[in-house]
Protein chains: 2
Amino acid sequence: MPFTPITAEQRFVLDHVVRVRELAATERFAAASDDVIDAVLEGVGAFAAGEWAPLLRAGDTVGARWTPEGVRMPDGYAEAYHDYVDGGWGTIGVPEAHGGQGLPFAIQTAVLDTLGTANMAFALCPTLTVGAIEALAHHGSAEQQRLYLPHLATGAWTGTMNLTEPQAGSDVGALRTTATPLGDGTWRIKGTKIFISFGDHDMAENIVHLVLARTPDAPVGTKGISLFLVPKFRLDEDGRPGAANDVRVVSIEHKMGLHASPTCVLSFGDHDDCVGELIGPEHGGMRAMFTMMNNARLNVGLQGVQAAEAATQAAVAYALERVQSARAGGTSRDAVRIVEHPDVRRMLMRMKAQTQAARALVYYAAGQVDRAGSGDARARGRLELVTPLAKAHGTDLGNEVASLGIQVHGGMGYIEETGAAQFFRDVRITSIYEGTNGIQAADLVGRKLALGREASGGGVFAELIADMRDEAQDARLIALIDACEATGQALADASTDDRLAASYPFLTMVSVATCGWLMERQGRAATDDAPFMRMKRACVRFYLEQIVPEALGLVAAAQAPADVLYAVEAELFAE
Amino acid sequence: MPFTPITAEQRFVLDHVVRVRELAATERFAAASDDVIDAVLEGVGAFAAGEWAPLLRAGDTVGARWTPEGVRMPDGYAEAYHDYVDGGWGTIGVPEAHGGQGLPFAIQTAVLDTLGTANMAFALCPTLTVGAIEALAHHGSAEQQRLYLPHLATGAWTGTMNLTEPQAGSDVGALRTTATPLGDGTWRIKGTKIFISFGDHDMAENIVHLVLARTPDAPVGTKGISLFLVPKFRLDEDGRPGAANDVRVVSIEHKMGLHASPTCVLSFGDHDDCVGELIGPEHGGMRAMFTMMNNARLNVGLQGVQAAEAATQAAVAYALERVQSARAGGTSRDAVRIVEHPDVRRMLMRMKAQTQAARALVYYAAGQVDRAGSGDARARGRLELVTPLAKAHGTDLGNEVASLGIQVHGGMGYIEETGAAQFFRDVRITSIYEGTNGIQAADLVGRKLALGREASGGGVFAELIADMRDEAQDARLIALIDACEATGQALADASTDDRLAASYPFLTMVSVATCGWLMERQGRAATDDAPFMRMKRACVRFYLEQIVPEALGLVAAAQAPADVLYAVEAELFAE
């Protein structure tokens with residue numbers, strides 16, 4: 001697959017959507033000068049193109065393999081991962097106090113965007129490490145931070161998140177893994193976790209498992225959950241990886257895609273000798289988990305952007321090369337490149353516009369992480385609100401664009417060797433993991449819609465509506481913003497069932513409105529006649545003219561009560 | 001995978017959408033009594049459940065394999081295919097004169113629906129044979145019909161369609177395979193064809209390749225194409241398969257799905273000894289191909305229905321069994337089956353409603369085949385109009401529903417062993433082959449919208465609008481019908497570029513209107529309180545309340561001119 005770094009687009013989005021210069025003007029992010037940002041974007045682009053993109057196909061065809069000695073990555077992955085560590089790409093967004101470069105999360109997002117566009121499954125490994133860093137940075141003890149964070153920051157050690165058990169998927173509170181105090185401050189961990197991405201591999205010196213477990217006599221449900229740090233290799237007196245801990249890879253899943261990401265079944269404490277440390281307070285696991293998962297949700301939304309970008313690049317390259325059929329209605333009988341045919345061009349324009357929209361949404365959310373981290377309460381609320389949008393809509397768009405990518409390729413798109421199918425298979429999981437998109441929609445209409453809301457209205461949702469309305473100029477976009485506001489108000493007062501039944505179409509409406517707002521803003525900023533700017537303006541126009549009106553078609557569903565769903569009893573669905 | 005025959009739904013759609021009793025009242029279809037129809041539906045349901053559904057997984061995991069001696073199907077396929085032949089399931093829709101049962105095409109559609117829901121890739125083999133039968137029945141000589149049709153009718157011999165070449169995909173006129181007269185009425189065929197489904201296999205006594213080729217000095221483009229019959233084994237004096245013809249399977253494709261369907265590269269005449277017969281007149285290939293392909297397009301639309309039904313059955317079964325999380329807003333803390341959660345229920349309802357809608361659309365078109373075949377000119381026009389809708393929208397819905405099927409399964413949906421992923425992978429090709437869905441949209445706004453249209457308006461499109469408006473009662477549906485009419489009128493007078501740029505959203509709008517019309521009709525007919533009827537009414541309500549309004553969101557795109565797509569030159573898409 002061809003891979004072209006997307007430096008100009010990233011820089012533009014950082015400037016006009018993230019408004020990174022506002023961040024750079026603060027003491028905390030003073031290091032984020034224009035020159036540094038450009039150097040990071042160009043550097044990681046060259047690195048990803050040179051070292052990670054060439055491994056994409058082998059990741060799919062060979063994939064990660066289970067062996068009795070642990071998981072083996074395809075040839076070349078370990079070396080390319082070491083070069084990632086040596087290049088310092090893992091340290092971008094980590095605070096300087098923990099061995100990082102202290103650049104904004106939004107810059108780290110751009111770095112992960114590039115790496116994942118080159119090779120999404122591979123980039124999932126550092127993505128998970130970011131979650132472990134966040135959890136430790138916010139909830140770990142000083143000693144834990146000292147021992148673990150510098151190695152996680154470089155990526156020399158990688159992180160995992162261990163939530164899911166066979167009976168506990170979306171319902172984390174149902175988990176059964178236990179942690180028993182050993183009397184010396186450490187805990188004995190016992191249980192089985194499934195769906196653990198990069199739960200084992202041969203690229204890093206150590207793997208830091210963050211494991212949700214239940215302590216003795218803990219309350220039932222989520223209130224009784226605690227978070228534990230369980231290293232693959234216990235640390236010796238010098239803080240180096242020493243004796244193996246009692247953690248075993250039972251198997252890896254046979255998945256539809258993302259084959260370079262080993263999805264492990266991990267067994268903790270088969271020999272009653274799995275030792276872990278508590279992170280944060282006992283029974284504080286859910287809070288720590290949410291710290292770990294919230295940014296993880298943004299990073300999964302970013303995977304949607306990555307797949308969309310990769311699929312678009314492949315489809316554009318094919319459409320610029322493949323010659324087939326004369327242009328309809330034209331005078332020439334000569335066959336033309338398929339990019340010239342209107343419906344192919346429509347698909348490509350849609351792919352470009354939706355990819356840009358998804359990127360704007362996710363980067364925007366990333367910018368709120370940085371503002372919230374500096375104590376901006378309004379940004380904290382905005383981040384909470386847009387996180388489910390970025391995760392769910394970002395991945396929905398990744399799926400849509402990857403499917404269009406196959407369609408542009410015609411019959412060749414269905415042949416695996418072409419490569420378009422891999423993006424489509426790889427991205428499909430992103431709508432499911434880190435909280436299904438349905439869970440995101442429930443989060444939006446449940447917790448997030450009510451956030452900061454008084455009886456008189458207001459709150460974080462009203463603030464977003466107000467910000468969008470202040471800036472929006474396009475009549476269709478304004479109509480969508482109005483519809484979002486009215487629907488949001490109706491849902492805030494609706495019954496739980498009605499609210500949940502309407503949650504998904506509502507999430508899509510609000511996401512498209514947010515994207516439309518950020519796209520229109522970019523259109524205004526794209527003032528010169530450079531090729532990138534001209535393409536940006538065309539994408540913005542297409543988005544406002546065609547995609548925003550589509551979202552208005554969802555109003556009926558977003559305002560429909562739940563009763564149609566319960567008009568018949570569950571068993572009748574089998575009729 | 002569980003597979004439940006869908007007899008009640010099929011019978012209901014035959015009664016109220018196809019209005020099969022109107023057909024049975026004609027002399028031609030007098031055999032299609034109520035009892036016969038019921039016996040066929042129940043019989044094929046039991047057969048498919050017992051013999052074809054159990055082979056679904058092996059079709060995917062083992063798949064068809066290329067060997068130097070030809071393609072080998074997975075174990076069990078040859079036997080299950082022989083039982084299909086012995087059961088007479090291939091003969092349903094074939095005229096009695098050609099060895100068939102002479103039942104309506106709509107009944108044959110129901111039979112293929114059942115077989116393909118049990119095992120879509122397998123059912124593609126008889127589907128292709130239907131195309132060969134149609135081509136020979138309409139364009140073959142009496143001798144060709146006598147020698148070939150009875151064997152094709154039973155399925156003892158199977159058929160293929162050989163159109164595509166590496167440089168000639170959607171642009172069939174670019175093909176280069178040659179046919180040279182041998183002086184004895186036969187022709188020497190030479191060339192390479194790609195993407196030939198069931199181009200070879202080990203289930204039938206003979207394979208009848210229908211091959212588009214160019215005769216000496218033929219005009220360029222589609223006008224110079226002729227259709228040839230090229231048997232795998234030439235017939236001996238008794239009309240039995242004898243000496244092998246010079247047709248070789250070079251390879252089979254490595255596809256994302258549909259692994260039980262061998263997609264062959266066929267080489268004709270490597271040793272200059274491939275002999276074929278002309279079907280119909282020289283240079284009459286396109287006409288014969290369209291005969292073969294038009295019903296094939298309906299049958300591909302039907303594959304969308306098959307995948308949707310199979311995915312829905314699997315998702316419903318899972319949701320009725322999987323217990324996870326308490327019901328939000330309820331008083332109980334006990335976990336419930338996920339079917340009880342509103343957003344899961346919304347997905348299931350959408351799957352049910354969209355599957356029913358797709359089935360109504362495709363069966364409706366099939367009913368027009370029967371009417372058109374009896375000389376009803378109005379039905380002929382209607383069939384021409386709805387064929388691209390049935391093909392494109394039927395397969396679009398198959399893709400949508402199969403994706404929802406994965407989502408309902410959560411993380412398990414991404415694991416291949418679960419089976420949900422297979423439907424998603426299998427159905428993806430249906431939007432591409434037999435004319436991409438973009439080609440269908442072009443056909444709709446090009447040829448079909450103009451069909452029978454005078455300067456004063458009217459024509460087949462106006463007739464459909466009038467029929468829908470006569471019957472529609474729901475205000476949203478009427479609004480959509482109005483929007484379709486207005487958009488159709490605008491497009492009929494638009495430039496070629498504008499028309500094509502708008503073609504895909506327009507196709508979706510008209511398809512949803514047509515489905516809405518047929519769904520509403522079914523809702524009126526579902527009068528009693530049987531479980532099937534209650535579920536039908538719920539699906540109709542959901543369709544009218546939520547899916548019809550969505551299509552109104554496409555009006556902007558369906559009325560947008562092409563200029564946004566050409567605002568920048570093609571190369572800028574790579575920016």
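Because the structure is predicted, anything quoted here is derived from the model rather than measured.

Visitor: Looking at this structure, how should I read the overall build of chain A?
Guide: A count of helical and extended segments in chain A gives 19 helices and 14 strands. Relative to its length of 575 residues, chain A is compact, with a C-alpha radius of gyration of 24 Å against a globular reference of 25 Å. Dimensions of chain A, computed from C-alpha atoms along their principal axes, come out at roughly 80 × 60 × 55 Å. Summarising the internal contacts of chain A: among those between residues at least 6 apart in sequence, 73% fall at separations of at least 24. Total accessible area on chain A stands at roughly 18,600 Å², and carbon and sulfur atoms take up 52% of it.

Visitor: How should the UniProt feature "domain: Acyl-CoA oxidase/dehydrogenase middle" (unreviewed entry) in chain A be read in this particular structure?
Guide: This chain's UniProt record puts "domain: Acyl-CoA oxidase/dehydrogenase middle" (unreviewed entry) on residues 161–270 of chain A. Measuring from the first to the last C-alpha atom of residues 161–270 of chain A gives 19 Å, for a span that is 0% helix and 48% strand.

Visitor: Just checking my understanding: could you explain the relation of the copies chain A and chain B for this structure?
Guide: Mapping one chain copy onto the other needs a rotation about an axis and a shift along that axis. Note on the identical chains: chain A maps onto chain B by a rotation of 180° and an axial translation of 0.0 Å, with an RMSD of 0.0 Å. Accordingly, the operation relating the two chain copies is best matched by a two-fold axis. Rotation axis and chain A: the residue whose C-alpha lies nearest the axis is Gly553 of chain A, separated from it by 2.0 Å.

Visitor: Explain the interface of chain A and chain B here, please?
Guide: The extent of an interface is frequently quoted as the accessible surface area lost upon association of the parts. With 89 residues of chain A in contact, the opposing surface of chain B contributes 89 residues. For the interface between chain A and chain B, the tally reads eight salt bridges. A salt bridge links Arg534 of chain A to Glu569 of chain B; its shortest N-O distance comes to 2.9 Å. Across the contact surface, chain A and chain B share 52 residue pairs in polar contact (both at pLDDT 80 or more). Its residues placed into classes, the side of chain A that touches chain B shows 43 nonpolar, 21 polar and 25 charged.

Visitor: How should the pattern of salt bridges be read in this particular structure?
Guide: Any two side chains of opposite charge can pair, so long as their charged atoms come close to each other. All names here are of chain B. According to the stated counting rule, one finds 90 salt bridges over all chains in the structure shown. Residue Asp343 is joined to Arg346 by a salt bridge in which the shortest nitrogen-to-oxygen separation is 2.8 Å. On the criterion of helical spacing, the pair formed by Asp343 and Arg346 is a turn pair, its members being three residues apart in helix H10 (residues 342–373). Asp343 gets classed as buried once you look at its relative accessible area, which sits at 10%. With relative accessibility at 9%, the residue Arg346 sits in the buried group. Residue Asp493 pairs with Arg453 through a salt bridge whose shortest N-O separation is 3.8 Å. Taken together, the positions of Asp493 in the loop between helix H15 (475–492) and helix H16 (496–501) and Arg453 in the loop between helix H13 (437–450) and helix H14 (460–471) put the pair 40 residues apart, joining distant regions of the chain. Given a relative accessible area of 60%, Asp493 falls into the exposed group. For Arg453, a relative accessible area of 29% translates into the label partly exposed.

Visitor: Sorry, what's going on with unusual backbone geometry here?
Guide: Where the residue is not glycine, phi is negative for most of them; where a peptide bond is considered, it is trans in most cases. All names here are of chain A. The residue Phe195 is not glycine, and still its phi comes out positive at about 60°. Within the secondary structure, Phe195 is located in strand E5 (residues 186–197). The phi torsion at Ser325 lies on the positive side, around 70°, for a residue other than glycine. Assignment of secondary structure puts Ser325 in strand E13 (residues 323–326).

Visitor: Which parts of the structure should I look at to understand the packing of aromatic side chains?
Guide: Remark: the centre distance and the inter-plane angle together describe each pair of aromatic rings, the angle taken between the planes. Per the counting criterion, the structure on display carries 25 aromatic pairs over all chains. Consider the rings of Trp52 of chain A and Phe122 of chain A, whose centres lie 3.7 Å apart with planes at 15°: the pair is stacked. Remark: Phe122 of chain A occurs in helix H7 (residues 120–139) and Trp52 of chain A occurs in helix H3 (residues 34–52); sequence separation between them is 70 residues. On the basis of an interplanar angle of 55° and a centroid distance of 5.9 Å, the ring pair of Phe461 of chain B and Phe506 of chain B is categorised as tilted. Taken together, the residues span a long stretch of sequence, with Phe461 of chain B in helix H14 and Phe506 of chain B in helix H17 (residues 503–525) at a distance of 45 residues. Its relative accessible area of 7% is what places Phe461 of chain B among the buried residues. Of the residues examined, Phe506 of chain B reaches a relative accessible area of 0% and is grouped as buried. What links up through ring pairs into an aromatic cluster is the set Phe47, Trp52, Tyr77, Tyr81, Tyr84, Trp89 and Phe122 of chain A. Seen from the ring of Phe424 of chain B, Arg428 of chain A lies directly overhead, with NZ or CZ sitting 5.8 Å from the centre.

Visitor: Could you clarify how one ought to interpret the pairing of strand E7 (residues 225–231) of chain A in this entry?
Guide: Consecutive residues of a regular strand have side chains that alternate between opposite faces of the sheet. All names here are of chain A. Within E7, seven of the seven residues are buried, leaving the element largely enclosed by the surrounding structure. With burial as the criterion, each face of E7 is covered, one bearing Ile225, Leu227, Leu229 and Pro231 and the other bearing Ser226, Phe228 and Val230. Strand direction decides the pairing type here: strand E6 (residues 206–214) and E7, joined by seven bridges, are antiparallel. In the sheet register, His209 faces E7, and the bridge partner there is Val230. Both E7 and strand E12 (residues 275–279) contribute to a ladder of three bridges, which runs antiparallel.

Conventions adopted
- Residues numbered from 1 in each chain as written.
- Chains lettered and ligands numbered in written order.
- Predicted model: local features only at pLDDT ≥ 70, side-chain atom pairs only at ≥ 80, totals over all residues.
- Heavy atoms only, no water.
- Helix = DSSP H or I, 4+ residues; strand = E, 2+ residues; numbered from the N terminus.
- Rg over C-alpha atoms; globule rule 2.2 N^0.38 Å.
- Contact = heavy atoms within 4.5 Å.
- Areas by Shrake-Rupley, 256 points an atom, 1.4 Å probe, with all protein chains shown as cover.
- UniProt positions renumbered as here; feature names shortened; annotations may be inferred.
- Least-squares fit on C-alpha atoms with pLDDT ≥ 70 in both.
- Salt bridge = Lys/Arg side-chain N within 4 Å of Asp/Glu carboxyl O.
- Polar contact = N/O pair within 3.5 Å; in protein donor to acceptor, adjacent residues only side chain to side chain.
- Nonpolar A, V, L, I, M, F, W, Y, C, P; charged D, E, K, R; others polar.
- Buried < 20%, exposed > 50% of the residue type's maximum accessible area, 1.4 Å probe, protein only.
- Phe/Tyr/Trp six-rings, centres within 6.5 Å; stacked < 30°, edge-to-face > 60°.
- Lys NZ or Arg CZ within 6 Å of the ring centre and 35° of its normal.
- Pairing = 2+ DSSP bridges.

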